[in-house]
Amino acid sequence: MEFRPAKRESVGLLIGLAGGTGAGKTFSAMRLASGIAGDKPFAVIDTEAGRAKHYADQFRFDHGDMHPPFSPDAFADAITSADKAGYPVIVVDSVSHVWAGDGGVLDWQEAELDRMAGDDWKKREAVKMAAWIKPKMSHKAMVQKLLQVRAHLILCFRAEQKIEMVRGDNGKMQIIAKQSLTGLDGWIPVCEKNLPFELTASFLLLAQNPGIPMPIKLQEQHKALFPDGKPIDEAAGKRIAAWAAGGVAPAPTDYTATLNAAKTLDELIAAWSKIPKAEQKKYSAAKDARKAELTAKPAEPTVSDRIAACKTVEELDAVMETLSEDDCAIFFDTLNRRKGELLGAAL
């Protein structure tokens, strides 16, 4: 084995886009792929009965229909073939079929149960774990092949909303959105549980904001490549392609100045809402400090400040009326000096 100084160049990208129906997964994947591929066509492996061809007039890509059974070997072969054909980017829409589609891993495990135990339900329970061995080994082999391809991969995942019951601080059970390292706000990608950890970056897309990414996994060096609140588009593809080729990523956004610029609590709340949830913890101290400044009571002006602020002799006389005898004695010289200044200015 030979070791050389590390240099970022020709880094393979493995990007995941997850979401429910109408979230804009396919369109966003194609925009991203188009930006990465530049003037070259990209490949689309379509498990959705040809739906990717709806975008044939908008993007330059070669289309491959994939039919059941959606086994890991079939996915691996399709992706390997596209890679050998020299496509710079391969879009798989959707990779969820290898897990939950017709002939996918879940079906394969069920078939293994039938083969090993038939209708003997007691035996089925005993061999349940053993029935996972072949399908999971095949899926693992597929993932290893994905990690070896030269092309950049964009994987679309279907996502489902999940909930869980937890015991609250009051000791009562409550229903909350399922917490997961591979999902967000209860939305969990439909896939094998370890696959999302292999991704370079992953995003959740929602139907109420199609194409607007919510980071699930986004490392610090990639945050500036996908600006918060902006749709996944061709420009994002160009930025991440340049980074993968060894270019310098734009500096990440620093939200401290934005928080400090807020003049009211409403403006502070609006500025806070624009910070990605994944980064809000980083800026919570700056937000709290600005909130304290906005809600702090202004300091009472000193007697000297009040005297200096007088613009007329009448204003100065009014200040003198509010002072105690002790203050009048203490600030006697200051009062006379300011009065002389005001009288001189009036001449």
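Above this note sits the structure.
Read on for an overview of the structure. The model shown is predicted, which means the values in this text are computed figures rather than measured ones.

**Focus on the overall build of the chain**
- Along its length, the chain carries 14 helices and 10 strands.
- Taking 20 Å as the expected radius of gyration for a compact globule of 347 residues, we find that the chain reaches 32 Å, considerably beyond that expectation.
- Taken along the three principal axes of its C-alpha coordinates, the chain extends 105 × 55 × 50 Å.
- Relative to its 347 residues, the chain shows a buried fraction of 39%.
- In the chain, once contacts between residues fewer than 6 apart in sequence are set aside, the share between residues at least 24 apart is 60%.
- Per element, the accessible surface of the chain, about 20400 Å² overall, is 54% carbon and sulfur.
- Charge separation in the chain, taken as the distance between the mean sites of 45 positive and 47 negative side-chain charges, equals 6 Å.

**Some thoughts on the environment of Ala130**
- Relative to the helices and strands, Ala130 is located in the loop between α5 (121–126) and α6 (133–146).
- With relative accessibility at 32%, the residue Ala130 sits in the partly exposed group.
- C-alpha separation for the pair Ala130 and Met116, spaced 14 residues apart in sequence, amounts to 9.1 Å.

**Re the pairing of strand β1 (residues 14–19)**
- Most of β1 sits out of view: six of its six residues are buried.
- Every second residue of β1 is oriented toward a common face, with Leu14, Gly16 and Ala18 on one face and Ile15, Leu17 and Gly19 on the other, all of them buried.
- With five bridges connecting them, β1 and strand β9 (residues 201–206) associate as parallel partners. Its bridge partner being in β9, Leu17 is matched across the sheet by Phe203.

**Considerations on helix α12 (residues 313–322)**
- Residues Val313, Leu316 and Val319 constitute the buried set of α12. Around the axis of α12, the buried residues are gathered within 115 degrees of arc, so they sit on the same side. Seen from the open side of α12, the exposed residues pointing more than 90 degrees away from its buried face are Glu314, Glu321 and Thr322.

**Some points on the packing of helix α1 (residues 25–37) against helix α7 (residues 234–244)**
- Their axes nearest at 6 Å, the elements α1 and α7 cross at an angle of 45 degrees. Relative to α7, α1 is oriented oblique. Taken as a pair, α1 and α7 cross one another with a handedness that is right-handed. Residues Arg31, Leu32, Ser34, Gly35 and Ile36 of α1 lie in contact with α7, whose contacting residues are Glu234, Ala236, Gly237, Lys238, Ile240 and Ala241.
- Its residues assigned to classes, the contact of α1 with α7 comprises five nonpolar, three polar and three charged.

**As for a nonpolar patch on the surface**
- On the surface, a cluster of nonpolar side chains totalling about 450 Å² of accessible area is made up of Ile163, Met165, Met173 and Ile175.
- Those elements giving two or more residues to the nonpolar patch turn out to be β6 (163–167) and β7 (173–177).
- Within the secondary structure, Met173 is located in strand β7.
- Among the residues examined, Met173 registers a relative accessible area of 40% and is labelled partly exposed.

**Digging into the packing of aromatic side chains**
- All chains considered together, the criterion is met by seven aromatic pairs.
- Put simply, the rings of Phe27, Tyr55 and Phe59 pair up and form one aromatic cluster.
- Lying over the aromatic face of Trp132, Lys136 brings its terminal NZ or CZ to 5.3 Å of the ring centre.
- In this structure, Lys287 is placed above the aromatic ring of Trp272, and the distance from its NZ or CZ to the ring centre is 4.5 Å.

**Focus on the pairing of β6**
- Burial of β6 is sparse: only zero of the five residues sit out of reach of the surface.
- Sheet topology places β6 next to β7; five bridges connect them, and they run antiparallel. Residue Ile163 lies in a different strand from β7, and its bridge partner there is Ala177.
- Connecting the antiparallel pair β6 and β7 is a turn made up of five residues, with Gly171 showing a positive phi of about 85 degrees.

**Let's talk about the environment of Arg239**
- Inspection of the secondary structure puts Arg239 in helix α7.
- Residue Arg239 is classed as partly exposed on the basis of its relative accessible area, which comes to 28%.

**What about the packing of helix α2 (residues 72–84) against α6?**
- Interhelical geometry of α2 versus α6 gives an angle of 15 degrees and a closest axis separation of 8 Å. Judged on the interaxial angle alone, α6 and α2 are roughly parallel. In this structure, α2 crosses over α6, and the sense of that crossing is left-handed. Of α6, the residues touching α2 (which contributes Pro72, Asp73, Phe75, Ala76, Asp77, Ile79 and Thr80) are Pro135, Ser138, His139, Met142, Lys145 and Leu146.
- A breakdown of the residues in the contact of α2 with α6 according to their chemical character gives seven nonpolar, three polar and three charged.

**Points about helix α4 (residues 105–117)**
- For α4, spanning 13 residues, the distance from its first C-alpha to its last is 18 Å, which sits close to the expected 18 Å at 1.5 Å a residue.
- Along α4, the positions that sit buried rather than exposed are Val105, Gln109, Glu112, Leu113 and Ala117. Down the axis of α4, the buried set is contained in an arc of 105 degrees. They therefore lie on one face.

The rules behind each value
Residues numbered from 1 in each chain as written. Predicted model: local features only at pLDDT ≥ 70, side-chain atom pairs only at ≥ 80, totals over all residues. Heavy atoms only, no water. Helix = DSSP H or I, 4+ residues; strand = E, 2+ residues; numbered from the N terminus. Rg over C-alpha atoms; globule rule 2.2 N^0.38 Å. Buried < 20%, exposed > 50% of the residue type's maximum accessible area, 1.4 Å probe, protein only. Contact = heavy atoms within 4.5 Å. Areas by Shrake-Rupley, 256 points an atom, 1.4 Å probe, with all protein chains shown as cover. Lys, Arg positive; Asp, Glu negative; His and termini not counted. Charge placed at Lys NZ, Arg CZ, Asp CG, Glu CD. Pairing = 2+ DSSP bridges. Arc of directions from axis to C-beta. Axes fitted to C-alpha atoms, helices over the stretch in contact; angles between N-to-C directions. Parallel < 35°, antiparallel > 145°, perpendicular 65-115°, else oblique. Left-handed = near helix turned anticlockwise from the far one by under 90°. Nonpolar A, V, L, I, M, F, W, Y, C, P; charged D, E, K, R; others polar. Patch = residues over 30% accessible without salt bridge, like charges linked within 9 Å, V, L, I, M, F, W, Y side chains within 5 Å. Salt bridge = Lys/Arg side-chain N within 4 Å of Asp/Glu carboxyl O. Phe/Tyr/Trp six-rings, centres within 6.5 Å; stacked < 30°, edge-to-face > 60°. Lys NZ or Arg CZ within 6 Å of the ring centre and 35° of its normal. Expected span 1.5 Å × (residues − 1).

The quantities given are spatial measurements derived from coordinates; they are silent on function.
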